[in-house]
Amino acid sequence: MKILYYIYQICIALPILLVLTILTAIVTIVGSLLGGAHIWGYYPGKIWSQLICLFLLIPVKIEGREKLHDKTSYIFVPNHQGSFDIFLIYGFIGRNFKWMMKKSLRKLPFVGKACESAGHIFVDRSGPKKVLETIRQGYFKKGAFQLADDLQLAVVPVTIDGSFEILPRTGKWIHRHRMILTIHEPIPPKGKGMENIKATMAEAYAAVESALPEQYKGMVKNEDQDR
């Protein structure tokens, strides 16, 4: 079955997804230039992400979406497992948001320009000063928990499970595996200041970990965590 899936990947799915990626990028760029980057920077990418999971035959399960209120702003704090995190969050979390990504991704054909047009933030990580300059120009001035504390917004822990099995960092093939996105109860601010930040971080970490398989529990050093 694995061999058949690899053949399907190369001969059918990947060519279709390449065309979809280019079309999505063009629609995002043109739509954003005409106005309404808030709309064109989100919905084409959302549909693109869903189609990628569909054509790659990847089952997706969402849990806890009913815990979010449509007219409430949140700070989302997910764990990071792999490259397919982006498709799971973008396609299925159901909220319009902005990504923060490495500056090097700006060089990707079509995709880089589309992300720029949509208003996503590119971070120059060549040095501390460059990172600070980039963040100051963007929507996020500080870390997620600090931002939530400053704005007194609820933090929503999100658990991603299954992304690593689909495409490990050292892997060259996509493996068919289910992905689960678990949205936990929002954590409202209990005050303001460092004590509130520390308490929220601890509660969010425990919530994210609670929905992970045993082998993925515990703090793991991840160089891509701040993408």
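A. Geometry of the environment of Leu-20. Along the polypeptide, Leu-20 turns up in helix H1 (residues 2–34). C-alpha separation for the pair Leu-20 and Ile-47, spaced 27 residues apart in sequence, amounts to 9.9 Å. Excluding anything up to four places from it in sequence, Leu-20 contacts Trp-48, Leu-51 and Phe-55.

B. How the structure looks around empty space enclosed by the protein. Applying the stated rule across the entire model yields one cavity of 30 Å³ or more. Counted as a void, the largest cavity has a volume near 60 Å³. If you go around the largest cavity, the residues you meet are Phe-145, Ala-148, Asp-149, Leu-153, Val-155, Ile-187, Pro-188, Pro-189, Asn-196, Ile-197 and Thr-200. Put simply, the parts of the chain that give the lining of the largest cavity at least two residues each are helix H7 (144–151) and helix H9 (194–210).

C. Looking closely at the confidence of the model for the protein chain. Overall, the prediction assigns the protein chain a mean pLDDT of 84, with 85% of residues at 70 or greater. Strand S6 (residues 179–183) holds the highest mean pLDDT among the elements of the protein chain, 97, whereas helix H6 (residues 128–137) holds the lowest, 48.

D. Just the nonpolar core, in detail. Formed by 32 residues in total, the largest nonpolar core has its most connected members in Leu-56, Ile-58 and Phe-84. Mapped by element, the contributors of at least two residues to this core are H1, helix H3 (43–55), helix H4 (85–92), strand S5 (154–161) and S6. The biggest single contributor to this core is H1, with six residues. For Phe-84, the residues in contact, after removing those within four places along its chain, are Ile-52, Leu-56, Ile-58, Ser-163, Ile-166, Leu-167, Ile-174 and Met-179. In terms of nonpolar packing, the next biggest core, distinct from the first, is built from nine residues, Ile-75, Val-77, Phe-145 and Ile-187 among them.

E. Structural view of helix H5 (residues 111–118). All of the buried residues in H5 are Gly-112, Ala-114, Cys-115, Ser-117 and Ala-118. Following H5 by one or two positions, Gly-119 adopts a phi angle in the positive range, close to 90 degrees.

F. A look at the sheet that holds S5. Pairing is mixed in the open sheet, where four strands are placed in the order S1-S6-S5-S2. Each of the sheet's edge strands pairs with one partner strand only, and the pair in question is strand S1 (60–63) and strand S2 (74–78). On average, each strand axis in the sheet is inclined to that of its neighbour by 20 degrees, with strand direction left out of account. Where S2 meets S5, five bridges bridge the pair, whose relative direction is parallel. Its bridge partner lying in S5, Ile-75 is registered against Val-155. Contacting S2 and S5, H9 crosses the sheet at an angle of about 30 degrees to S5.

Scoring rules and cut-offs
- Residues numbered from 1 in each chain as written.
- Predicted model: local features only at pLDDT ≥ 70, side-chain atom pairs only at ≥ 80, totals over all residues.
- Heavy atoms only, no water.
- Helix = DSSP H or I, 4+ residues; strand = E, 2+ residues; numbered from the N terminus.
- Contact = heavy atoms within 4.5 Å.
- 1 Å grid on protein atoms, 1.4 Å probe; cavity = no way out; pocket = protein on both sides within 12 Å on 5 of 7 lines; lining within 4 Å.
- Points joined across faces, edges and corners; volume = space filled by probe spheres on them.
- pLDDT = per-residue confidence, 0-100.
- Core = buried A, V, L, I, M, F, W, Y, C linked by side-chain atoms within 4.5 Å.
- Buried < 20%, exposed > 50% of the residue type's maximum accessible area, 1.4 Å probe, protein only.
- Pairing = 2+ DSSP bridges.
- Axes fitted to C-alpha atoms, helices over the stretch in contact; angles between N-to-C directions.

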